[in-house]
Amino acid sequence: MGRSHALSGWCAGLAVAPLVGLTTVAEVVPFAAATAGYALVPDLDHPGASASRLLGPLTRLVSAAVRAFSGVLYAVTKGPRDEDSTGKHRHATHTLVAAVLLGMLAASLGDRGKWAVLAVAVAGLVLAADALGDWIVLAVLGAAGWSIVSTTGAGTVLPGTAAADALQSGLTQIGGWIGAAVALGMFVHCLGDSLTRSGCPWLWPLPIRGETWYELRLPKPLRFRTGHWFEHAVIVPVLTVAAVLLLPGGLQVVERLFDATSVWLAGRS
């Protein structure tokens, strides 16, 4: 579900961006890209996930550590009716608690310097590009370039200090929302897994029916398997359309294209 998770993170980022004060394309696109990337982070608890394979031995080592921690946490906190499981996949990283804590950690990096914030943002972008393709990198670079040009004026971007000042301002702005992007992406992943047959225990440690790790999921007729045809034939296309419509001005552009097409067809009839 890597592509589905990244697309849902992108859509969630576009939808939530105005709520954190981001309204322009130059602000919204980087936020949505980071959210898309961090929507893949919970699957670090699976050795075959794209996030676990992204940087070879380095991310495989991180994945092993995450799985080990998750297994210990499950063993220590499981309730009387929790299943007999290793507790490694879809457990510790698939919780609202994990999303909030990692989001707070990312937000705290703003106090450690702008380059630490940039590293977190770039990590999210790399994850998103691995799942969705290089177009998302081009979109973010285009948004960043537009932000610098619009701030400094086309004639003063290079050389000079104005562009550098704009870049520093941009990094400060990223520090203001990077924590929200990380937490939102991880939580959207949990919601996505709740649509599948396995469900997701994202309300841990809240005990439900004797289970500390109670898997929240849809009613049986509405659930689907990961990688099932329904995911590829329905969910991915719906998210792709939403990914365009939720862009600032996206709906207006589609309406204009529809009107122009209608006029063109009417002229040919």
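Predicted, not measured: the structure shown is a model, and the values here were computed from it.

**Here we look at the overall build of the chain**
Scanning the chain for helices and strands turns up 10 helices and zero strands. Starting at the N terminus and walking to the C terminus, you meet the elements of the chain as α-α-α-α-α-α-α-α-α-α. Counting the 269 residues in the chain, one finds 42% classified as buried. Put simply, of all contacts in the chain between residues at least 6 apart along the chain, 63% involve residues at least 24 apart.

**Details of the pattern of salt bridges**
Pairing between side chains of opposite charge can happen when their charged atoms approach one another. For the coordinates displayed, the defined rule picks out two salt bridges. The shortest N-O distance in the salt bridge between Arg 90 and Asp 193 comes to 3.2 Å. Note that Arg 90 is positioned in the loop between helix H4 (57-77) and helix H5 (96-108) and Asp 193 in helix H8 (residues 162-193), a separation of 103 residues in sequence. Taking the shortest distance from any N to any O, the salt bridge between Glu 215 and Arg 217 comes out at 3.5 Å. You can call Glu 215 buried: its relative accessible area is 14%.

**Quick notes on a nonpolar patch on the surface**
Nonpolar side chains collect at one region of the surface, where Leu 96, Val 100, Leu 101 and Met 104 lie side by side and expose about 360 Å² of accessible area between them. Along the chain, Leu 101 falls in helix H5.

**Focus: the confidence of the model for the chain**
Model confidence for the chain is summarised by a mean pLDDT of 84, while 85% of its residues fall at 70 or above. No element of the chain has a lower mean pLDDT than helix H10 (residues 250-268), which averages 70, and none a higher one than H4, which averages 95. Predicted confidence for residues 154-161 stays below pLDDT 50, and this span has seven contacts to residues more than four positions away or in other chains.

**Notes on helix H2 (residues 25-38)**
Between the first and last C-alpha of H2 there are 20 Å, a value that for 14 residues agrees with the 20 Å anticipated at 1.5 Å per step. Counting buried residues in H2 gives 13 out of 14 residues, a clear majority hidden from the surface.

**Overview of the packing of helix H1 (residues 2-16) against H2**
At a closest axis distance of 7 Å, the pairing of H1 and H2 adopts a crossing angle of 145°. Considering how the two elements wind past one another, H1 and H2 form a crossing that is right-handed. In this structure, H1 contributes Ala 6, Gly 9, Trp 10, Gly 13, Leu 14 and Val 16 to the contact, and H2 contributes Val 28, Val 29, Phe 31, Ala 32, Ala 33, Thr 35 and Ala 36.

**Re H1**
Taking 1.5 Å per residue, 15 residues should reach 21 Å; H1 reaches 21 Å between its end C-alpha atoms and fits that length. Here H1 lies mainly inside the structure; 11 of its 15 residues are buried.

**Comments concerning the layout of surface pockets**
Roughly 480 Å³ of internal volume is contained in the second largest pocket. What lines the second largest pocket is a set of 19 residues, and nearest its centre among them are Tyr 38, Val 41, Leu 44, Leu 102 and Ala 123. Secondary-structure elements contributing two or more residues to the lining of the second largest pocket are H4, H5 and helix H6 (114-132). Top element by residues in the lining of the second largest pocket is H6. It accounts for five residues.

**Describing the nonpolar core**
The biggest cluster of nonpolar side chains holds 49 residues, and the ones touching the most others in it are Trp 10, Ile 136, Trp 177 and Ile 178. Elements with a minimum of two residues in this core: H1, H2, H5, H6, helix H7 (135-152), H8 and helix H9 (229-245). If you tally residues by element for this core, the top one is H6, at nine residues. When near neighbours in sequence (up to four residues on either side) are disregarded, Trp 10 contacts Val 29, Ala 32, Ala 33, Ala 36, Trp 135, Ile 136, Ala 243 and Leu 247.

**Notes on the side chain of Thr 196**
Along the polypeptide, Thr 196 turns up in the loop between H8 and H9. Under the relative-accessibility criterion, Thr 196 is labelled buried at 1%. For Thr 196, the residues in contact, after removing those within four places along its chain, are Met 1, Arg 90, Arg 217, Arg 223, Phe 224 and Thr 226.

About the cut-offs
- Residues numbered from 1 in each chain as written.
- Predicted model: local features only at pLDDT ≥ 70, side-chain atom pairs only at ≥ 80, totals over all residues.
- Heavy atoms only, no water.
- Helix = DSSP H or I, 4+ residues; strand = E, 2+ residues; numbered from the N terminus.
- Buried < 20%, exposed > 50% of the residue type's maximum accessible area, 1.4 Å probe, protein only.
- Contact = heavy atoms within 4.5 Å.
- Salt bridge = Lys/Arg side-chain N within 4 Å of Asp/Glu carboxyl O.
- Patch = residues over 30% accessible without salt bridge, like charges linked within 9 Å, V, L, I, M, F, W, Y side chains within 5 Å.
- Areas by Shrake-Rupley, 256 points an atom, 1.4 Å probe, with all protein chains shown as cover.
- pLDDT = per-residue confidence, 0-100.
- Expected span 1.5 Å × (residues − 1).
- Axes fitted to C-alpha atoms, helices over the stretch in contact; angles between N-to-C directions.
- Left-handed = near helix turned anticlockwise from the far one by under 90°.
- 1 Å grid on protein atoms, 1.4 Å probe; cavity = no way out; pocket = protein on both sides within 12 Å on 5 of 7 lines; lining within 4 Å.
- Points joined across faces, edges and corners; volume = space filled by probe spheres on them.
- Core = buried A, V, L, I, M, F, W, Y, C linked by side-chain atoms within 4.5 Å.

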